[in-house]
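Observations on chain architecture
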Amino acid sequence: MSSPKPDTLLFFVNGKKVEERNADPETMLLFYLRDKLRLTGSKSGCGGGACGACTVMVSRYQPRTRTILHFSATACLVPIVQLHGAAVTTVEGIGSTKTRLHPVQERIAKANGSQCGFCTPGMVMSMYTLLRNKPQPSLEDVREALSGNLCRCTGYRPIVDGYRTFCQEANCCQGNGVCRQGNGDCCQGNGDCSLDDGDCRRDNGDCCQSNRDGAEPNFLQEKPQLFEKEDFQPLDPTQEFIFPPELILMGDRDSVPKTLSFCGERTRLLCPGSLEELLELKAKHPEAPLLMGNTHLGPSMKFKGVLHTLMISPIRVQELFEVTHTSEGVWVGAGCSLSELLTLLQKIICESGAERSELFRALTKQLKNLGSQQVRNQASLGGHIMSAFPNSDLNPVLAAGNCKVSVASSSDRRELPLNQDFFVSFGKTLVRPEEVVLSVFIPFTSKGELVSALRHAPRKESAFSTVTCGMRVLFCEGSSVVRDISLYYGGVGPTTVKAAQTCRALINKEWSESVLSRAYDVLLEELELPPSAPGGKVQFRRVLTLTLFFKFHLELLHKLKHMGWISGEVPQRLLPLPSYIQPSVQHFQTVSDSQKSHDAVGRPIMHKAALSQATGEAVYCDDLPSPPGELHLALVTSSRAYANIKQLDVSAALQMPGVVDVITAEDIPGKKVRTDFGYDEDILAQNQVLCVGQMVCAVVADTKAHAKRGAAVVRVQYEDLPDPIFTIEEAIERASFYEPRRSLERGNVTEAFRSVDHIYEGGIRLGGQEHFYMETQSTLVVPLGEEQEFHLYVSTQWPTSTQVAVAETLSIPSNRVVCHVKRLGGAFGGKVTKTAILTSIAAVAAWKTNRAVRCVLERGDDMLITGGRHPVVAKYKVGFMNDGRIIAADLEYFANAGFSVDESLTVVEKMIVQMDNAYNIPHLRGSGAACRTNLRSNTAFRGFGVPQSCMVMENMVTDVAMALAMPADKVRELNMYRGPSLTYHKMEFNAENLHLCWDECKRRSDFEARRRAVELFNKQNQWKKRGVAIVPIRYGIAFSEGFLNQAASLVHIYSDGSVLVAHAGTEMGQGIHTKMQQVASRELHIPISKIYISETSTSSVPNTCPSAASFGTDANGMAVKDACQILYQRLRPVMQKNPEGSWESWVKAAFFDKISLSATGYYRGPDTYMDWEQMEGRPYSYFTYGVCFSEVELDCLTGDYRTLRTDIVMDIGRSINPSVDIGQIEGAFMQGLGLYTLEELKFGPSGLLYTRGPSQYKIPALCDMPLSFNVYLLPDSDNPHAIYSSKGIGEPAVFLGSAVFFAIKDAVSAARSDSGLSGPFSLDSPATAERACLAAASTFTHKVPVCEPGSFKPWALEI
Ligand SMILES: Cc1cc2nc3c(=O)[nH]c(=O)nc-3n(C[C@H](O)[C@H](O)[C@H](O)COP(=O)(O)OP(=O)(O)OC[C@H]3O[C@@H](n4cnc5c(N)ncnc54)[C@H](O)[C@@H]3O)c2cc1C
Ligand code: FES
Ligand code: FES
């Protein structure tokens, strides 16, 4: 390719000019900021625009209007070459701890909205951009702005609470025009939000007070609060950066711009300044794609390896951004972003009135649900249409609405209707390669023309649709006879499809139930989906084609009625699910008045690093500067599930630019395996691979991109081995287990079954869960070059294990290896064992090359390689009496462990030990097995088996209640442990606090009243049902392997009085460092401002145990306390000599008195054990108790649901830090909510994980947070087993997320009873929309035939 001399790219970052002479079109802004400008505040959580961690604000000058446009963007998808003339603001640019904090940084931190902090800069920048555009936003604006920002730690409540302080709140717009974009249709809170589509709060019908449904707790003003908003500094918009005047001048000068050219290593980008040049370039290079928002091109290049050697960027071509109004409609430039389109449409709606703007409103509705705000800001209308992907949200509406596009080439201009002929096939349209879409025509609607857009997605926001549609009907004037109709669907074929036959069947017919019921059959027939269709969910998608059409029908009836074109009764309106986030309650006990003011224990102190996290100053592993000569490591993973490696050919990789070496198993100088429970796991596959994604070898190169490209060309020749095992059923059939298997029994179960009134046999399948820590696995290994010393900088929960693994792998003593952990961007159990293997590989590379090696997994690789929570299949047989007493139960658990044992055996043990949860079942047997399969190896995950085993128990109890037609809470109460009790493995405990939590939760949630209200709601609503559930948890704290219950600390007092604490715990967002500061503050009698914790390091505290099992504070707190007490005792004589002295004076005096000011502390924890032979033991130190109430509203037509309210009461003893502990409860609950209702891992038939990023795998987003989310800490609870009478809290609340599952099940049950179905029914976990909708068994689900399992090859496996 002959290339003109590349131009210099010019843009501004945080007010500073950046000139880049070698701007590579493949370089994304995020990596430029982090690697080139060393602005590491913006984080990489996915690299595909779907997590929001990298959000920045982009500002552009618009010469035509002489205005500045500010918008949020995901820096991972912004090619730097698209920024010529733009200004970028990052989290570092708006405030810092050194100068002045910006209010958005201060408020998220002080409201406890930052735990691990990895998502925080992205949240800050989304909110900052909102405030730049709207200094007094509504809560709805805040919700929208943050909808694309994921957080895995907090549960979102504190973030919303922190940021709602910027809002001028009102529940309803009270007619101020906001509700319906100024069309005067506001309900004024009277419950009748809109007359046609329930669109009051912009899209969700949530304005009317009725939706709030009395759910708001009446104790909102309870004191104390976790933070005082009066302390916040005010927002002062005049303090913000001004847009660089140089760029305004440049924009004005650029009126006749020349083509710019940027050239990278593999790709060239041409950026023409006029339409003429653009068309000429397109004629010359028809194969070159047009680079607009890069939200489609970018992911395809990054994730699918598509390479475009030439791209053309038309962002400077004015014609593509023009908007022309005509009497028939509006021509919108194809370059306009989807956000600009939304704003434009909203304006036109206001100006044109309801009749003419039907299509505009349908598009508006769809646009608001499309992707996130960042995606909409970046993506262009033309790019959207031309991407022509099957589940596009706009294309079906544009097509149904008779829109057209204007296209041009250097020789021709034409208009093409957007219809079924336009969308040719997957990703293909009628537009020719040399043509460019200039604009899109969106027509006004005429009298009697009604349009609607509907979609269903796996998550309410920021998710691609499962099925989406656009529908338009033109009625003959004054009647319900159809003159014209078009129905277009997405998600039911390779591209947007028209339901042409259905339309024909409806034309000239009266819109009536009988005509429609025939139309459903035609629709089903013509939108046939084969059972193996890509994307799966075939039955559900087919149901959705019908139910969305039915919703359209309901909308039409109401509109026709409103227009007076039909008379008589019409069926009930289907309002959208509520979405208004209400104020919530956090209730905790304050410290006594007599507590000394310096003593920080028990106070709701902000996470010690929250401000640094909010300003982007907090350093994570990948933020560390590169040591000289650093190499980057990329892994080559197996594409086969079970195969011998015949040949490994790395020659091509070694030829690639920048590649330095390839590391294979042969290079490992020491132990080539990690061994657990007698089973070996290859560090790098030696001769055989046992799962897709197993690490085979690693490429090291000078840059990450080079390492990745090198890895892509390594050739591995496999010889497939027969019959890999994927599913639990296959493992059971082939007896493929890791030994030993475990069982426990109390009483005589077999005998007891003979004397019960009823026996029920059931079961449940529980899906796995991805940790989805926002910071992926990260490690940096630095060889010191002397005596085989290595420093490891790792994101690990267990520094010692990483140190030992590296020492063994390199065959060197542990004293040469120091592992440092500053902080982790989330871990949740996923960084206990897996990080050690990964660091060992990086260490081999560092040892071999004698250079520092960094390995930061991309999200897709992390998900492919590292494993998560174990999927479980459980079966049970339960015997019970007529009154609900459970007499006997036999439960069997099978966990899918994957290809290596990892921690699976102990996970299964914990499942069995804890499965009785809160229930005293006299005859109880539990057995469990870890199945050995050819899938990624599963590992520890918050709760360690308990979320699975207790779920099975609760499901069984629910089945008993359903079988007896009794309320589930009554059956639970009847069977609970009471007072002093023995678990079924004979551990003594007192269940009193469990009952206190239960009673308090019922009282706080107003349980009985809620249940009555739900019953009434369900009687009044056919297609929407509500459900309630209340579930308990009794969770054992401490490691059941006794030796792990120990910790040490090292405390130094420096002669200036400052204190440095080191302990064995790692800070991963759970606030352990903050709590340790509080402990030291109490013991040393000094304020926490004098105490600092820098890192966790194996050279300060050796032989550490993992930060896990909810035991971190218990163990390390005692160790820190010990060291501080030693030091305080040493200082006592000095203090006695000078009682009036200050801390600093005592410390100084002690130093001059030659008193050691450094001490180690140690804690020898409980000797827990479990004797499996005798079936008894004390595997825990004590129990944490909790109870959770949840209420949901379910849309039975789509399975979509909303958690209206959650109340949690937890007994966590005397909390050391209520804000940290409440944060742990909320975050764990939301993770549980994800586990039980949302998160689905999908594996293909050959064992490949499909769900390898946030676009496919949905963790809870802000939209999933309960609308009213209240947490109460049980007061006056003492615990003699842990420091200061506190209790461990990291894990227990995960299980409480199951309350949402059971509330959904309750709602489904109500729907089923409308269809005459009663008694227990099967609902597997997660209770996704698909499962809930199908289980609700509506008339629509019955219409869709079920494909016989075994008669086809499913797209995804039920593992
Ligand atoms: C995280 C994420 C979430 C998303 N969620 C949704 C969702 O919920 N619903 C949904 O419908 N979509 C969703 N999308 C897809 C998004 O809408 C499209 O990727 C986007 O609209 C494409 O526009 P673009 O400007 O970024 O195109 P680019 O990626 O820049 O280009 C895409 C293609 O269009 C061509 N093209 C661009 N402009 C023109 C033109 N003027 N003339 C001719 N060809 C042109 C290019 O050659 C290229 O082939 C999501 C995307 C992401 C990344
Ligand atoms: S890293 Fe950019 S959105 Fe996830
Ligand atoms: S604080 Fe949000 S991901 Fe950790």
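Rules and cut-offs
Residues numbered from 1 in each chain as written. Chains lettered and ligands numbered in written order. Predicted model: local features only at pLDDT ≥ 70, side-chain atom pairs only at ≥ 80, totals over all residues. Heavy atoms only, no water. UniProt positions renumbered as here; feature names shortened; annotations may be inferred. Helix = DSSP H or I, 4+ residues; strand = E, 2+ residues; numbered from the N terminus. Contact = heavy atoms within 4.5 Å. Salt bridge = Lys/Arg side-chain N within 4 Å of Asp/Glu carboxyl O. Buried < 20%, exposed > 50% of the residue type's maximum accessible area, 1.4 Å probe, protein only. Pairing = 2+ DSSP bridges. Phe/Tyr/Trp six-rings, centres within 6.5 Å; stacked < 30°, edge-to-face > 60°. Near = heavy atom within 4 Å. Polar contact = N/O pair within 3.5 Å; in protein donor to acceptor, adjacent residues only side chain to side chain. Areas by Shrake-Rupley, 256 points an atom, 1.4 Å probe, with all protein chains shown as cover. Nonpolar A, V, L, I, M, F, W, Y, C, P; charged D, E, K, R; others polar. Axes fitted to C-alpha atoms, helices over the stretch in contact; angles between N-to-C directions. Parallel < 35°, antiparallel > 145°, perpendicular 65-115°, else oblique. Left-handed = near helix turned anticlockwise from the far one by under 90°. Expected span 1.5 Å × (residues − 1). Core = buried A, V, L, I, M, F, W, Y, C linked by side-chain atoms within 4.5 Å. pLDDT = per-residue confidence, 0-100.

**Things to note about the UniProt feature "binding site: FAD" (unreviewed entry) in the chain**
As annotated by UniProt and renumbered to match this structure, "binding site: FAD" (unreviewed entry) occupies L290, L291, M292, G293, N294, T295, H296, L297, D393 and R455. Judged by maximum C-alpha separation, these annotated positions cover 166 residues in sequence and are scattered in space, the widest gap reaching 28.2 Å. Mapped onto the secondary structure, L291 falls in the loop between α8 (275–284) and α9 (297–304). Not counting residues within four places of it along the chain, the set of residues in contact with L291 comprises P79, Q82, L269, L297, M311, I312, S313, P314 and I315.

**Considering the pattern of salt bridges**
Summed over the entire model, instances satisfying the criterion amount to 81 salt bridges. Close ionic contact of E26 with R266 constitutes a salt bridge, the shortest N to O distance being 2.8 Å. Residue E26 is located in the loop between β2 (16–20) and α1 (29–36), and its partner R266 is located in the loop between β6 (260–263) and β7 (268–271); the two are separated by 240 residues in the primary sequence. Here K110 ties to E106 by a salt bridge, and the two come within 2.8 Å at their closest N and O atoms. With K110 and E106 both in helix α3 (residues 103–110) and 4 residues apart, this pair spans about one turn of that helix. Residue K110 is classed as partly exposed on the basis of its relative accessible area, which comes to 29%. Residues participating in the shared-partner salt-bridge network are R34, K43, D622, D623, E630 and R854.

**Considering the sheet that holds strand β26 (residues 688–689)**
Ordered in space as β26-β22-β28, the 3 strands form an open sheet in which the pairing is antiparallel. Each edge of the open sheet carries a strand with a single partner, namely β26 and β28 (715–720). Here strand β22 (residues 643–649) pairs with β26 via 2 bridges, running antiparallel. Residue pairing across strands places A643 opposite V689, the latter belonging to β26.

**Considering the packing of aromatic side chains**
This model, assessed by the stated rule, comprises 31 aromatic pairs. Their ring planes at 25° and their centres at 5.5 Å tell us that F227 and F232 sit as a pair that is stacked. Here F232 falls in the buried class, since its relative accessible area comes to 9%. Between F549 and F552 the ring centres are 6.5 Å apart and the planes differ by 40°, which places this aromatic pair in the tilted class. Of the two residues, F549 and F552 are both situated in helix α17 (residues 538–563); the distance of 3 residues between them amounts to about one turn of the helix. Taken as a pair, F549 and F552 share a single burial class, namely buried. Members of the aromatic cluster, connected to one another through ring pairs, are F475, W511, Y520, F549, F550, F552, W1023 and F1340.

**With respect to the UniProt feature "binding site: substrate" (unreviewed entry) in the chain**
Mapped onto the present numbering, the UniProt feature "binding site: substrate" (unreviewed entry) falls at F944. In this fold, F944 is placed in the loop between β37 (923–932) and α27 (946–964). Look at F944 and you get buried, because its relative accessible area is 16%. Apart from the residues within four sequence positions on either side, F944 is in contact with R869, E903, T906, V907, K910, Y1035 and E1291.

**Things to note about the site of ligand 1**
Around ligand 1 there are 32 residues in total, and M292, T295, L297, S380 and D393 lie nearest to it. Contacts to ligand 1 include G293, whose backbone N or O atom sits 2.9 Å from an oxygen atom. Measuring from a nitrogen atom of ligand 1, one finds a side-chain N or O atom of D393 at 2.8 Å. In isolation ligand 1 has 990 Å² of accessible area, and contact with the protein removes 93% of it. When residues of the shell around ligand 1 are traced back to their parent elements, those giving at least two are α13 (381–387) and β15 (436–443). Its residues assigned to classes, the shell around ligand 1 comprises 17 nonpolar, 13 polar and 2 charged.

**Comments concerning the packing of α27 against helix α35 (residues 1298–1314)**
Put simply, α27 and α35 touch, their axes get as near as 11 Å, and they point 25° apart. Classified by the angle between their axes, α27 and α35 sit roughly parallel to one another. The handedness of the crossing between α27 and α35 is right-handed. Counted together, M951, E954, N955, T958, D959 and M962 of α27 and S1298, F1301, F1302, K1305 and S1309 of α35 form the full contact between these two elements.

**A few points about α27**
The end-to-end C-alpha distance of α27 is 27 Å, a good match for the 27 Å that 19 residues give at a rise of 1.5 Å each. Burial of α27 is extensive: 18 of the 19 residues sit out of reach of the surface. A965 sits one or two residues past α27 and shows a positive phi near 55°.

**With respect to the side chain of D661**
By secondary structure assignment, the location of D661 is in strand β23 (residues 659–663). Among the polar contacts made by the side chain of D661, one reaches the side chain of K848 at a distance of 3.2 Å. Residues within four places of D661 in sequence aside, it is in contact with L654, A698, V699, V700, K848 and T849.

**Points about the sheet that holds strand β11 (residues 404–408)**
Spatial ordering of the open sheet is given by β9-β10-β15-β11-β12, a layout of 5 strands whose pairing is antiparallel. The open sheet is flanked by β9 (323–325) and β12 (413–417), the only strands paired with a single partner. Sheet twist, expressed as the mean angle between neighbouring strand axes with direction ignored, is 20°. Across the sheet, α8 lies against β11, β12 and β15, angled at about 115° from β15, the strand it touches most. Contacts from helix α10 (residues 338–356) reach β9, β10 (329–333) and β15 within the one sheet, and its direction differs from that of β10 by about 165°.

**Some remarks on unusual backbone geometry**
In this model, E739 is joined to P740 through a cis peptide bond whose omega is 5°. Going from S1325 to P1326, the amide bond is cis rather than trans, its omega being 5°. Mapped onto the elements of the fold, P1326 is located in the loop between α35 and α36 (1329–1335). You will see that N294, though not glycine, has its phi angle at about 65°, which is positive. If you trace the backbone, N294 turns up in the loop between α8 and α9. Even without being a glycine, K537 presents a positive backbone phi close to 50°.

**Considerations on the pairing of strand β48 (residues 1182–1195)**
Within β48, 14 of the 14 residues are buried, which leaves the element mostly enclosed by the surrounding structure. Of the two faces of β48, the one carrying Y1182, T1184, G1186, C1188, S1190, V1192 and L1194 and the one carrying F1183, Y1185, V1187, F1189, E1191, E1193 and D1195 are both buried. Relative to β48, strand β40 (residues 1024–1037) runs antiparallel, the two being bridged by 14 bridges. Bridge pairing in β48 links V1028 to E1191. Both β48 and strand β49 (residues 1201–1211) contribute to a ladder of 10 bridges, which runs antiparallel. Bridge pairing in β49 places E1193 opposite R1202. Taking the residues that link successive antiparallel strands as the turn, the β48-β49 hairpin has 5 residues, and the phi of G1199 there is positive, at about 80°.

**Let's talk about the nonpolar core**
What tends to happen in soluble globular proteins is that the nonpolar side chains get buried as a cluster. Among the nonpolar cores identified, the biggest contains 228 residues, and Y163, L633 and L891 are the most heavily contacted of them. Tallying contributions element by element places α27 first for this core, with 11 residues. Setting aside anything within four residues of it in sequence, one finds Y163 in contact with V104, R107, I108, M123, V124, M127, V142 and L146. Counting 44 residues, the second largest nonpolar core, distinct from the first, contains V467, L548, F550 and C1333.

**Some words on the confidence of the model for the chain**
For the chain, mean pLDDT is 94; residues scoring 70 or higher make up 95% of the total. In this model residues 171–221 is a low-confidence stretch, pLDDT under 50, and it forms 127 contacts with partners more than four residues away in sequence or in other chains.

**Remarks on the packing of α27 against helix α28 (residues 968–975)**
Two elements in contact, α27 and α28, have axes whose closest approach is 8 Å; the angle formed by their N-to-C orientations is 115°. Crossing of α27 against α28: the hand is right-handed. Residues E954, V957, T958, V960 and A961 of α27 lie in contact with α28, whose contacting residues are A968, V971 and R972. In the contact of α27 with α28, the residues fall into 5 nonpolar, 1 polar and 2 charged.

**A short note on the environment of I683**
By the element assignment, I683 lies in the loop between β25 (679–682) and β26. Taking the relative accessible area as the measure of exposure, I683 reaches 1% and is therefore buried. Distance from I683 to G536, taken between C-alpha atoms, is 34 Å for residues 147 residues apart in sequence. Filtering out sequence-adjacent residues up to four positions away, I683 remains in contact with I668, K671, K672, V673, R674, M695, T809, I837, S840 and I841.

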